Each structure stands twice: as structure tokens, then as C-alpha cells.
Amino acid sequence: MPPGRVRERAVRRSIGIFDSGVGGLTVFRAIRRRLPAEDLVYFGDTAHVPYGTKSPDTVRRLTLEHVRFLLRRGATCIVVACNTASATALAALRRRTRVPIRGVSGPGVREALARTRQGRIGVLGTSTTVASGAYQRALARQGPRGTRVFAAACPLFVPLIEEGWAGARVTGEIARRYLAPLRAARVDTVILGCTHYPILKPALGRVLGPRVALVDSAEAVARALQGLLGERGLLRRPGRTGTERFFLTDVGGSFRRVAARFLGRPIPAPRKVNVRVESLHDGL
């Protein structure tokens with residue numbers, strides 16, 4: 001086996017969803033709504049959150065180890081629900097596993113290009129996601145000539161959302177400050193490039209106005225995943241109720257409280273896992 005290759009060991013067929021913390025639950029929610037019969041396994045690296053301020057190398061090392069864990073739990077498809085990890089680690093992951101790996105950036109880019117009217121697209125994300133340039137490059141590569149991309153880092157959004165302040169006045173004021181360059185650029189479509197950000201749709205819509213389309217990557221990922229599993233004959237029969245398992249690297253925080261707010265219901269008690277992040281020397 002080549003160095004760094006992930007060894008797959010099927011235990012129980014499931015969709016593995018990885019995130020640095022709780023934000024990926026918006027992706028989990030979208031997948032559950034669209035695929036109610038599927039077994040879902042969620043892994044949140046709550047011991048190392050946030051990823052948005054970490055170096056790309058650190059994000060890649062953490063992501064690979066946690067995807068290995070999901071594969072050992074029988075995941076036959078992996079969704080990297082963290083935009084930062086999706087922007088920096090997908091290529092490395094795809095070199096090291098044979099199961100389908102899907103990030104949140106690709107479906108969001110395709111939907112944004114389909115919805116834009118004037119080719120002026122904004123991207124909201126964490127500092128690391130925006131600095132990586134992944135969305136900007138993908139939009140430039142896939143879009144028609146003349147597509148303009150305007151990216152804005154919004155580091156305060158995540159803590160505000162997790163504190164339950166999505167509808168607070170201070171959040172609206174911060175949103176106006178962050179979005180001012182996009183409004184000045186007259187964007188007509190904005191990608192919500194962090195899995196937390198769909199929670200802010202009402203506030204962002206008030207700032208940007210009704211003529212600006214907001215692209216929720218979570219919904220785009222769920223649609224793409226349904227199509228992928230259907231093409232491969234992996235969709236479970238309708239009528240079955242899919243199971244849900246949650247694993248965290250630290251269970252001492254507010255994950256369950258925030259998860260209940262995101263999902264609109266309580267979740268089973270997450271299991272704490274210890275994943276050793278090895279030093280990798282194969283170009284990851």
C-alpha cells in the first residue's frame with residue numbers, strides 16, 4: 001500500500017460526514033431531509049475547532065486522520081462538510097482513498113454559476129477558506145469569461161451563530177460591515193462558504209436585498225450526493241428509517257445544545273473518540 005493510503009474496512013454501510021465542529025450539521029440536516037433512509041455518521045473535531053484560523057498543512061493532517069476514522073466505521077461515501085477542509089484537503093484525500101469524497105465547495109460553485117445573472121459572484125467564508133482561493137479559482141475556471149469574484153472573510157459569524165445570536169442586532173451590524181464590499185461590487189449571487197452561514201440567511205438577505213441569490217452549499221451537496229448514490233445503485237429502499245451516530249474528539253462543550261438548535265431536535269449522546277494525528281511525510 002502506498003504511503004499515506006487510507007485502508008478501507010467496511011463495517012456498516014453509511015454516509016460519513018466530517019466537520020471541524022458543529023457547522024457541518026447544516027449539511028447533515030440537508031442530507032437527512034433528502035435521504036431519510038440512509039445511515040449517517042457524523043464526526044466533529046471539537047477538540048481542534050476552529051479550522052478557519054489554522055494553517056493549510058494542519059487542516060490537511062487533521063482531516064486525513066478523521067476521514068480514516070469514518071472509513072473504519074463503514075463509510076462508503078465521505079462528505080467533507082467543513083469549507084476550510086474542503087478548500088485545502090480534498091485533493092490529498094482523493095489520492096488516498098477509493099471511496100467517493102465530496103466537499104461543499106464544488107456543488108456550491110456549480111449552483112452559483114447557474115444562478116448568477118451578470119457573472120458577479122460573492123463568496124463569504126472563514127479567513128483560511130478565503131485566503132486559500134479555492135472558491136475563487138474554481139469560479140474562474142468553471143465560469144464563462146468575464147465572471148467576477150469578490151470574496152469576504154467573516155471570522156465573527158461562527159461564534160455569533162454558536163452563541164445563538166443569529167438574529168441579534170449586533171449580528172446585523174457586523175454583517176453590514178462585512179458585506180459592504182460585496183454590495184459596492186454589485187454582486188447578484190453570494191456563496192455561503194461556511195456551513196454555519198445558512199443559519200444567517202435572514203440577516204444576510206436583509207443586508208444584501210431580495211435580488212441577490214444566496215447559495216446554500218449544504219442543499220447543493222445533498223442534491224449532488226443523492227445523484228451520486230443513485231448512479232451507483234447505493235440508495236437504500238424508501239420507507240426505511242436511517243440511523244444516526246455522532247462522534248466527537250471533545251464532548252465537554254456545547255455541541256449538543258448547538259446541534260439541537262441547528263437540527264430543531266435533540267440528538268443521541270455523541271461518543272468521544274481519541275484520534276492520533278500522525279506526522280505525515282508523503283506530501284500531504
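These remarks concern the structure in this document. (Residues numbered from 1 in each chain as written. Predicted model: local features only at pLDDT ≥ 70, side-chain atom pairs only at ≥ 80, totals over all residues. Heavy atoms only, no water.)

## What about helix α10 (residues 217–231)?
Taking 1.5 Å per residue, 15 residues should reach 21 Å; α10 reaches 21 Å between its end C-alpha atoms and fits that length. Buried within α10 are the following residues: Ser 217, Ala 218, Ala 220, Val 221, Ala 222, Leu 225, Leu 228 and Leu 229. Here α10 starts with a cap whose side-chain oxygen sits 2.9 Å from the backbone nitrogen of Ala 218, and that cap is Asp 216. Looking one or two places after α10, you find Gly 233, whose phi comes out positive at around 65°. (Helix = DSSP H or I, 4+ residues; strand = E, 2+ residues; numbered from the N terminus. Expected span 1.5 Å × (residues − 1). Buried < 20%, exposed > 50% of the residue type's maximum accessible area, 1.4 Å probe, protein only. Polar contact = N/O pair within 3.5 Å; in protein donor to acceptor, adjacent residues only side chain to side chain.)

## A short note on the packing of helix α4 (residues 105–115) against helix α6 (residues 134–142)
Think of two packed helices as two axes; the pair is described by the angle between the axes and how far apart they sit. Look at α4 against α6: their axes get within 10 Å of each other, and the N-to-C directions meet at 45°. Looking at the two axes, α4 sits oblique to α6. For the crossing formed where α4 meets α6, the hand is right-handed. Of the residues in α6, those touching α4 at Ser 105, Val 109, Arg 110 and Leu 113 are Tyr 135, Ala 138, Leu 139 and Gln 142. (Axes fitted to C-alpha atoms, helices over the stretch in contact; angles between N-to-C directions. Parallel < 35°, antiparallel > 145°, perpendicular 65-115°, else oblique. Left-handed = near helix turned anticlockwise from the far one by under 90°. Contact = heavy atoms within 4.5 Å.)

## Brief notes about the packing of aromatic side chains
Applying the stated rule across the entire model yields 10 aromatic pairs. Residues Phe 18 and Tyr 51 carry aromatic rings whose centres are separated by 6.2 Å and whose planes lie at 50° to one another, so their mutual orientation is tilted. Highlighted residues: Phe 18 in strand β1 (residues 14–19) and Tyr 51 in the loop between β2 (40–44) and α2 (56–72), separated in sequence by 33 residues. According to the relative accessible area criterion, Tyr 51 is buried, its value standing at 1%. When the centroid spacing of 6.1 Å and the interplanar angle of 45° are considered together, the rings of Tyr 42 and Phe 246 count as tilted. In this pair, Tyr 42 is assigned in strand β2 and Phe 246 in strand β9 (residues 244–248), connecting sequence segments 204 residues apart. (Phe/Tyr/Trp six-rings, centres within 6.5 Å; stacked < 30°, edge-to-face > 60°.)

## Looking at α6
Here α6 has its buried residues at Ala 134, Tyr 135, Ala 138 and Leu 139. Down the axis of α6, the buried set is contained in an arc of 125°. They therefore lie on one face. Of the exposed residues in α6, the ones pointing more than 90 degrees away from its buried face are Ala 140 and Arg 141. (Arc of directions from axis to C-beta.)

## A short note on the sheet that holds strand β6 (residues 148–153)
Across a sheet, paired strands are connected by hydrogen bonds in the backbone, their directions being either parallel or antiparallel. Sheet architecture is open: 4 strands sit in the order β6-β5-β7-β8, paired in parallel fashion. Unpaired on one side and paired on the other, β6 and β8 (213–216) mark the two borders of the sheet. Sheet twist, expressed as the average angle between the axes of neighbouring strands with direction ignored, equals 25°. Where α4 meets the sheet, its contacts fall on β5 (120–125), β7 (189–192) and β8, and the angle it forms with β8 comes to roughly 160°. Sitting on the sheet, helix α9 (residues 201–208) touches β5, β7 and β8, and the angle it makes with β8 is about 155°. (Pairing = 2+ DSSP bridges.)

## Structural notes on the environment of Arg 29
Tracing the backbone shows Arg 29 in helix α1 (residues 25–34). A sequence separation of 12 residues divides Arg 29 from Val 41, and the C-alpha atoms of the two residues are 12 Å apart. Every residue in contact with Arg 29, bar those within four places of it in the chain, is listed here: Ile 199, Phe 262 and Leu 263. Separated by 2.7 Å, the side chain of Arg 29 and the backbone oxygen of Phe 262 make a polar contact.

## Here's the deal with the sheet that holds β1
Spatial strand order, β4-β3-β1-β2-β9-β10: 6 strands in an open sheet with parallel pairing. The open sheet has two edge strands, β4 (101–103) and β10 (271–272), and neither has a second partner. Where β9 lies against β10, 2 bridges are found, and the strand directions are parallel. Across the sheet, Phe 247 pairs through a bridge with Arg 271, a residue of β10. Its contacts with the sheet put helix α3 (residues 83–96) on β1, β3 (75–80) and β4, and the angle it makes with β4 is roughly 165°.

## Quick look at a positive patch on the surface
There is a patch of like positive charges on the surface, built from Arg 94, Arg 102, Arg 110 and Arg 232. Among the structural elements, Arg 102 can be located in strand β4. In this structure Arg 102 comes out as partly exposed when scored by relative accessible area, which is 30%. (Patch = residues over 30% accessible without salt bridge, like charges linked within 9 Å, V, L, I, M, F, W, Y side chains within 5 Å. Areas by Shrake-Rupley, 256 points an atom, 1.4 Å probe, with all protein chains shown as cover. Salt bridge = Lys/Arg side-chain N within 4 Å of Asp/Glu carboxyl O. Lys, Arg positive; Asp, Glu negative; His and termini not counted. Charge placed at Lys NZ, Arg CZ, Asp CG, Glu CD.)

## Re the nonpolar core
By size, the foremost hydrophobic cluster in this structure holds 65 residues, and its most contacted members are Leu 25, Ile 31 and Leu 124. With 6 residues, α10 is the single largest residue contributor to this core. For Leu 25, the contacting residues outside a window of four places in its chain are Tyr 42, Phe 246, Phe 255, Ala 259, Phe 262 and Leu 263. In this structure, Leu 64, Ala 75, Ile 78 and Val 273 belong to the second largest nonpolar core, which totals 23 residues. (Core = buried A, V, L, I, M, F, W, Y, C linked by side-chain atoms within 4.5 Å.)

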